[in-house]
Each structure stands twice: as structure tokens, then as C-alpha cells.
Amino acid sequence: MLPPELPPLPALTRAEAELIDCYLEAVDLLGRINPARDGDTYRGLRAAQALVGKAVALRDALTLMHRRGETELHAATLTRALRVLDGDRRAARVTLPPSSDS
């Protein structure tokens, strides 16, 4: 059986699409660095090193948007794009895991 078809991405400018891609790549790296998650220091170190480049790409995407006159982030549209690209699951790895004290 095929998985359900994802909704289409909303219409984005090239700079908005780059912003979303860079943001999610940075989120993925932060999830690998998260000290509250199991893993080894080398994996976290590699992710931290890569994060520097992703931060530069994220800055460049926002700079391009600003220079092109795209001065507002359209949160509803960008949120839909993040959800289609599995942003909820990816961002959850950055937060603290549920407490086992309950």
C-alpha cells in the first residue's frame, strides 16, 4: 500500500524556499547536537561544525529576501511548508524529551 500523498507545498519564492530548506537543515543539526539525546560527542561535534555553514546559508537566504524587498515573513504560508516537509518531527528532536519522573 502506498503512503498517503502529502499536500502540495504552498507557492514560495525561491528565497523563501531556500530559507525553509536552510532552516530545516539547521534544525536537523541542532537535533543531532542536543545534549538531552543519546549519542556520542563526535556526532555532536560534526553537527556543530556543519551548523556554522548552515547558519551562513540561512543568513544569506534572509539577506536575499530583504534585498529583493521581501521584508515580511508570511508565517501561515511558511508554516504550511514546514509541516509538509515534516518540520514538526524534525523540530521535536531539538526540544527536551518528556520527563520520566511522572
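Within every chain, residues take consecutive numbers counted from 1 along the sequence as written. With pLDDT at 70 or above as the cut-off, local features in this predicted model cover only qualifying residues; side-chain atom pairs require 80 or more to be listed or tallied, and sums for whole chains, interfaces and linings still use all residues. In computing side-chain values, all of the structure's heavy atoms are included and hydrogens and water are not.

**Student:** Tell me what's going on with the packing of helix α1 (residues 14–33) against helix α3 (residues 75–84), and back it up with residues and numbers.
**Tutor:** Angles run from 0 to 180 degrees between N-to-C directions of axes, and those axes are lines fitted to C-alpha atoms, restricted for helices to the stretch in contact. Strands are runs of DSSP state E lasting at least 2 residues, helices are runs of H or I lasting at least 4, and numbering of each runs from the N terminus. At a closest axis distance of 11 Å, the pairing of α1 and α3 adopts a crossing angle of 50 degrees. Considered as vectors, α1 and α3 are oriented oblique to each other. You can see that α1 and α3 cross each other, and the crossing is right-handed. Residue-level inspection shows E16, L19, I20, Y23 and L24 of α1 in contact with α3, the latter providing L78, A81 and L82. Roughly parallel here means an angle under 35 degrees, roughly antiparallel means over 145, roughly perpendicular means 65 to 115, and every remaining angle is called oblique. We call a crossing left-handed when the near helix sits turned anticlockwise from the far one by less than a right angle, and right-handed when that turn is clockwise. Only heavy atoms enter the contact rule, under which two residues are in contact if any of them lie within 4.5 Å.

**Student:** Would you mind going over the pattern of salt bridges in detail, with residue names and values included?
**Tutor:** For this document, the term salt bridge refers to a Lys or Arg side-chain nitrogen within 4 Å of an Asp or Glu carboxyl oxygen. For the structure shown, the criterion picks out seven salt bridges. The salt bridge involving D86 is made with R89; its shortest N-O contact spans 2.4 Å. Partly exposed residues are those whose accessible area sits between 20% and 50% of the maximum for their type, while under 20% is buried and over 50% is exposed, using a 1.4 Å probe and protein chains only. In this structure D86 comes out as partly exposed when scored by relative accessible area, which is 32%. Classification of R89 by relative accessible area gives partly exposed; the value is 45%. A network of salt bridges, in which partner residues are shared, links D28, R90 and R93.

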